[in-house]
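Listed here are the chains, written in short residue letters.
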Amino acid sequence: MQTFPRVNLYLAFFLAFSTWAIYQTAPNQNHDSKKSSSLTRSSNELLPPSTAEVGLKEELSVTKKITVKSGDSLANIFERHEINPGELQKLMKLDSHSEEMKTLLPGEQLHINSNSEGELVNLRYVKSPVKILNIGKRGNTFDWHWELIEQERLASFASGLISNKNPSLYKAGKAYGLSDKLIMEIAELFQWDISFALDLRNGDSFSVIYEKIYVEGVEVGVGKILAASFSNMKKRFSAVAYENSEGTEDYYDVNGRPLRKAFIRDPVHFSHVSSSFNLRRMHPIHKKIMPHRGIDYAALKGTPVRAASDGNITNRSQNSASGKFIVIKHGRTYVTKYLHLSGFARGIYKGAKVKQGQVIGYVGATGWATAPHLHYEFLVNGVHRNPRKVRLPESDPIPEVEMESFRKILSPRIKQLKTISLRNYSSEYKTAKKFVSGKQVPKKEDA
Ligand SMILES: [Zn+2]
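Cut-off values and rules
Residues numbered from 1 in each chain as written. Predicted model: local features only at pLDDT ≥ 70, side-chain atom pairs only at ≥ 80, totals over all residues. Heavy atoms only, no water. Helix = DSSP H or I, 4+ residues; strand = E, 2+ residues; numbered from the N terminus. Buried < 20%, exposed > 50% of the residue type's maximum accessible area, 1.4 Å probe, protein only. Contact = heavy atoms within 4.5 Å. Core = buried A, V, L, I, M, F, W, Y, C linked by side-chain atoms within 4.5 Å. Domains from an automatic or database assignment. Expected span 1.5 Å × (residues − 1). Bend = angle between axes of the 7 residues up to and from the residue. 1 Å grid on protein atoms, 1.4 Å probe; cavity = no way out; pocket = protein on both sides within 12 Å on 5 of 7 lines; lining within 4 Å. Points joined across faces, edges and corners; volume = space filled by probe spheres on them. Nonpolar A, V, L, I, M, F, W, Y, C, P; charged D, E, K, R; others polar. Pairing = 2+ DSSP bridges. Axes fitted to C-alpha atoms, helices over the stretch in contact; angles between N-to-C directions. Salt bridge = Lys/Arg side-chain N within 4 Å of Asp/Glu carboxyl O.

**Student:** Hey, could you run me through the overall build of the protein in this one?
**Tutor:** On a plain count of helices and strands, the protein comes out with eleven helices and 20 strands. Going through the 447 residues of the protein one by one, you find that 45% of them count as buried. Across the protein, every contact between residues at least 6 apart in sequence was considered, and the portion connecting residues at least 24 apart equals 66%.

Structure (structure tokens):
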């Protein structure tokens with residue numbers, strides 16, 4: 001290659017450039033001329049894109065910064081900005097990276113650099129401030145790379161309190177400045193231990209240590225939760241992120257047991273469950289009709305219902321009392337039932353396997369129900385139990401040999417969580433505590 005005559009190089013380059021130019025002016029033409037395309041390729045192998053060529057194109061090109069709107073696709077954005085349709089076809093052939101661009105999300109940015117001929121010179125796809133795909137023309141095709149964005153992750157703290165004013169995790173989280181994402185992650189972290197839909201009380205409190213991500217000193221997002229605690233009805237639950245010796249990271253309690261458990265507490269997401277008002281209103285009706293052996297979650301019709309644990313669907317049917325219902329068997333000991341559904345999720349039939357958290361159906365008011373709600377039953381060896389109180393088998397803790405390294409992570413985190421807890425200094429906490437001893441949120445136990 002070093003000895004390749006200069007003149008030939010120029011010639012090859014000239015040919016490549018004219019081939020490329022022909023393609024650009026006739027974008028929809030079938031590329032059946034194998035000879036010219038192979039010529040293009042071989043010239044690319046010989047040469048990096050010439051600075052003269054790049055310079056020429058950049059002189060004539062303009063960059064437009066476009067923010068993706070709802071309903072936008074790469075195709076209609078290109079059309080709007082008069083990019084040749086052939087360019088899109090070529091882009092879509094860029095293996096897995098074009099996959100990333102098939103579903104653009106509102107708010108993402110595209111920096112489109114094109115010339116007056118409608119040819120794409122460069123495209124920056126800004127998925128987020130820390131994830132940017134850079135695509136540049138190279139001969140007749142495109143080159144891509146993910147830009148390396150230097151980011152800094154710093155620990156940040158937040159605390160909140162459940163009170164009469166902010167009775168849900170969502171409201172309390174918002175009141176104390178937490179993002180929606182962080183609130184949902186706290187709920188997911190404790191979804192096996194706490195019923196955020198039904199069990200929150202005045203005076204419950206939470207603290208969280210999480211990462212904030214910065215790019216060039218500007219906060220661009222929230223990373224993972226490092227540790228969190230939630231005091232619910234005088235019981236304190238803690239979670240600390242720990243990477244075990246096998247390199248798997250998960251959340252553990254103070255005893256080194258994983259938070260992840262066989263059953264989640266609420267088969268309906270807490271953010272969809274309506275106030276206790278509906279629940280109380282429904283009770284007398286239920287009690288007159290039949291003994292109530294489950295828990296009711298009042299929620300809007302169509303709210304997704306999730307499988308409480310991995311299992312097999314043993315029944316998916318309909319009758320006059322239960323309406324549309326699903327029965328899941330989890331191993332030999334446990335059975336869960338979901339009643340009054342408005343419909344079943346796709347793939348839910350007798351014999352189907354389901355995963356914990358999988359959507360199996362939707363809240364409705366079929367059968368003996370006066371308003372849309374999920375009636376949820378939990379059976380242990382054929383006996384109805386209260387799913388929010390029942391003791392479940394605990395998973396194995398971190399092995400003893402690893403406990404020392406776990407405690408090194410755990411101890412400072414737990415100390416930090418205690419320090420930032422609002423219980424230490426908040427007058428609001430004292431006010432909320434008065435409510436605890438005085439007028440309590442009505443008890444919703446009904447099993
Ligand atoms: Zn019920």
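There is more to say after this.
**Student:** For this particular structure, what's the right way to read the nonpolar core?
**Tutor:** Looking at soluble globular proteins, one finds that nonpolar side chains tend to be buried together. Core analysis: the largest hydrophobic core is formed by 57 residues, its most contacted members being Leu169 and Phe190. When residues in this core are grouped by element, the largest group, five residues, is from helix α8 (residues 180–189). Structurally, this core is a two-domain feature, drawing no fewer than three residues from each of domain 2 (156–261 + 395–437) and domain 3 (270–385). If we ignore the near neighbours within four places in the chain, the residues touching Leu169 are Ile162, Ile183, Ile186, Ala187, Phe196, Leu200, Phe206, Phe230 and Phe270.

**Student:** Can you walk me through helix α10 (residues 400–420) in this structure?
**Tutor:** Because an α-helix packs 3.6 residues into every turn, residues spaced three or four apart end up facing the same way. Between its first and last C-alpha atoms α10 spans 30 Å; for 21 residues at 1.5 Å apiece the expected length is 30 Å, and the two agree. Of all the bends in α10, the greatest, near 35°, is centred on Phe406. Regarding α10, the residues found buried are Glu402, Met403, Phe406, Leu410, Ile414, Leu417 and Ile420. Contact partners of the buried residues in α10: β6 (152–161), β7 (205–215), β8 (218–232), β9 (235–243) and β10 (249–252).

**Student:** Is there a simple way to explain the environment of Pro304 in this structure?
**Tutor:** Residue position: Pro304 is located in strand β12 (residues 304–306). Owing to a relative accessible area of 31%, Pro304 belongs among the partly exposed residues under this scheme. When the C-alpha atoms of Pro304 and Gly364 are compared, they prove to be 10.0 Å apart, with 60 residues separating the residues in sequence. The residues contacting Pro304, other than those within four sequence positions of it, are Pro267, Val268, Val359, Gly361 and Tyr362.

**Student:** What am I meant to see in empty space enclosed by the protein here?
**Tutor:** One water molecule sets the probe size; rolling that probe over the atoms shows where empty space is left. Overall, the coordinates contain three cavities of 30 Å³ or more when judged by the stated rule. A volume near 100 Å³ is recorded for the second largest cavity. In terms of lining residues, the second largest cavity is bounded by Ala187, Glu188, Gln191, Ile194, Phe196, Asp266, Val268, His269, Phe270 and Arg306. Tallied by class, the residues present in the lining of the second largest cavity amount to five nonpolar, two polar and three charged.

**Student:** For this particular structure, what's the right way to read the sheet that holds strand β3 (residues 120–128)?
**Tutor:** As a general point, the strands of a sheet are linked pairwise by backbone hydrogen bonds and lie either parallel or antiparallel. An order of β1-β2-β3-β4-β5 is seen for the five strands of this open sheet, with the pairing classed as antiparallel. Sheet topology places β1 (62–67) and β5 (141–147) at the edges, where each strand pairs with a single neighbour. Taking the axes of each pair of neighbouring strands and ignoring which way they run, one obtains an average angle of 15° across the sheet. As judged from the six bridges shared by β3 and strand β4 (residues 131–138), these two strands associate in the antiparallel manner. Counted as the bridge partner of Leu123 is Ile135 from β4.

**Student:** Could you clarify how one ought to interpret the pattern of salt bridges in this entry?
**Tutor:** Tallied over the full model, the rule gives 15 salt bridges. Lys137 is the salt-bridge partner of Glu87, the closest N and O atoms lying 2.9 Å from each other. Of this pair, Glu87 sits in helix α5 (residues 85–92) while Lys137 sits in strand β4, and the two are 50 residues apart along the sequence. Side by side, Glu87 and Lys137 carry an identical accessibility label, which is buried. Residue Glu219 is joined to Lys212 by a salt bridge in which the shortest nitrogen-to-oxygen separation is 3.7 Å. Note on Glu219: relative accessible area 42%, which makes it partly exposed. Each of Glu87, Lys90 and Lys137 takes part in a single network of salt bridges with overlapping partners.

**Student:** When you look at the layout of surface pockets in this model, what are you seeing that I'm missing?
**Tutor:** Approximately 690 Å³ is the volume attributed to the largest pocket. Around the largest pocket sit 28 residues that line it, and Asp193, Lys235, Phe237, Lys261 and Arg265 are the ones nearest its centre. No other element matches the four residues that β9 contributes to the lining of the largest pocket. Classifying every residue of the lining of the largest pocket gives eleven nonpolar, five polar and twelve charged.

**Student:** What is the right way to look at the sheet that holds β6 in this model?
**Tutor:** Pairing is antiparallel across the open sheet formed by five strands, whose spatial order is β6-β7-β8-β9-β10. The open sheet has two free edges, formed respectively by β6 and β10, since each of these has just one partner strand. Each strand of the sheet is rotated relative to its neighbour by a mean of 25°, with strand direction disregarded. As paired strands, β7 and β8 are joined by ten bridges and run antiparallel to one another. Pairing of Val215 across the sheet is with Val218, part of β8.

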